Amino acid sequence: MKRWITLLAALVIAAPLHAAPDTPPAAEAPATSEGVVRKIDAANGKITLKHGPLANLDMPPMTMVFRVSPALLGALKVGDMVRFRAERIDGAYVVTAIEPLR
Ligand SMILES: [Cu+2]
């Protein structure tokens, strides 16, 4: 009986370590994309980006408006090239991370 418990404990401890390498990194965070800032409307939480292909959203290159938290906009300005992450949340396209490319 005691051996059983020891074995069980060993399995429980080993399981998470074992699972980690099998998790594909792509599943953890959607891919980032590149674009150019065309318009910023911080008051309404919107940004217009001319973007390249968005692989994770299956979207071709285009210019479009995204929702964005004003807190993410920082010192971004029109004309900046950016790397950003876009996700579809409740049917809306939302920029969830964005940073200028230098
Ligand atoms: Cu688009």
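Source: prediction; values computed, not measured. Starting afresh in each chain, residues are numbered from 1 along the sequence in its written order. Given that this is a predicted model, residues contribute local features only at a pLDDT of at least 70 and side-chain atom pairs are listed and counted only at 80 or more, while totals for whole chains, interfaces and linings are drawn from all residues.

### Points about the overall build of the protein
Part 1 of the reasoning: Starting at the N terminus, helices and strands are each numbered in turn, a helix being any DSSP run of H or I of at least four residues and a strand any DSSP run of E of at least two. Helices and strands together make up the secondary structure of the protein, namely two helices and five strands.
Part 2 of the reasoning: Each helix (α) and strand (β) of the protein, taken in turn from the N terminus, gives the series α-β-β-β-α-β-β.
Part 3 of the reasoning: Labels follow a simple rule on C-beta atoms placed from the backbone: if 20 or more others lie within 10 Å of a residue's own, it is buried; if 12 or fewer, it is exposed; otherwise it is partly exposed. Burial analysis of the protein (102 residues in total) assigns 14% to the buried set.
Part 4 of the reasoning: Intrachain contacts of the protein at a sequence separation of at least 6 include 45% that bridge at least 24 residues. Contacts are defined on C-beta atoms placed from the backbone: any two residues whose C-beta positions lie within 7 Å are in contact.

### Points about the sheet that holds strand β4 (residues 81-89)
Part 1 of the reasoning: Two strands are said to pair when DSSP picks up at least two bridges between them. If you walk around this closed barrel you meet the five strands as β1-β2-β3-β5-β4, and the pairing is mixed. Each strand of the sheet is rotated relative to its neighbour by a mean of 55°, with strand direction disregarded.
Part 2 of the reasoning: In this structure, strand β1 (residues 33-41) lies alongside strand β2 (residues 46-51), joined through six bridges in antiparallel fashion. Bridging from a neighbouring strand, D41 pairs with K46 of β2. Every axis in this analysis is a line fitted to C-alpha atoms, fitted for helices over the stretch in contact. Angles between the N-to-C directions lie between 0 and 180 degrees.

### Side note on the environment of R38
Part 1 of the reasoning: Along the chain, R38 turns up in strand β1.
Part 2 of the reasoning: Between the C-alpha atom of R38 and that of M81, which follows or precedes it by 43 residues, the distance is 9.7 Å.
Part 3 of the reasoning: Among residues more than four places away in sequence, those in contact with R38 are T48, L49, K50, T63 and V78.

### A short note on unusual backbone geometry
Part 1 of the reasoning: Unusually for a residue other than glycine, D58 sits at a positive phi of about 55°.
Part 2 of the reasoning: Judged by the 8 C-beta atoms lying within 10 Å of it, D58 falls in the exposed class.
Part 3 of the reasoning: For D90, which is not a glycine, the phi torsion comes out positive at approximately 55°.

### Notes on the pairing of strand β5 (residues 92-100)
Part 1 of the reasoning: In this sheet, β5 lies alongside strand β3 (residues 62-68) in parallel orientation, the contact comprising two bridges. Bridged to V68 within β5 is V95.
Part 2 of the reasoning: Two strands pair when backbone bridges link them, and β4 and β5 are joined in this way by eight bridges, in the antiparallel orientation. Residue pairing in the sheet places V82 in a bridge with P100 of β5.
Part 3 of the reasoning: Between β4 and β5, which pair antiparallel and follow one another directly, the connecting turn spans two residues, one of which, D90, has a positive phi of 55°.

### Some points on the environment of E99
Part 1 of the reasoning: Tracing the backbone through its elements, the reader meets E99 in strand β5.
Part 2 of the reasoning: Expressed as a C-alpha distance, the spacing of E99 and L76, which sit 23 residues apart in the sequence, is 7.9 Å.
Part 3 of the reasoning: Those residues within four positions of E99 in sequence are excluded, and the remaining contacts are V82 and R83.

Purely spatial values, then, with no claim about function.
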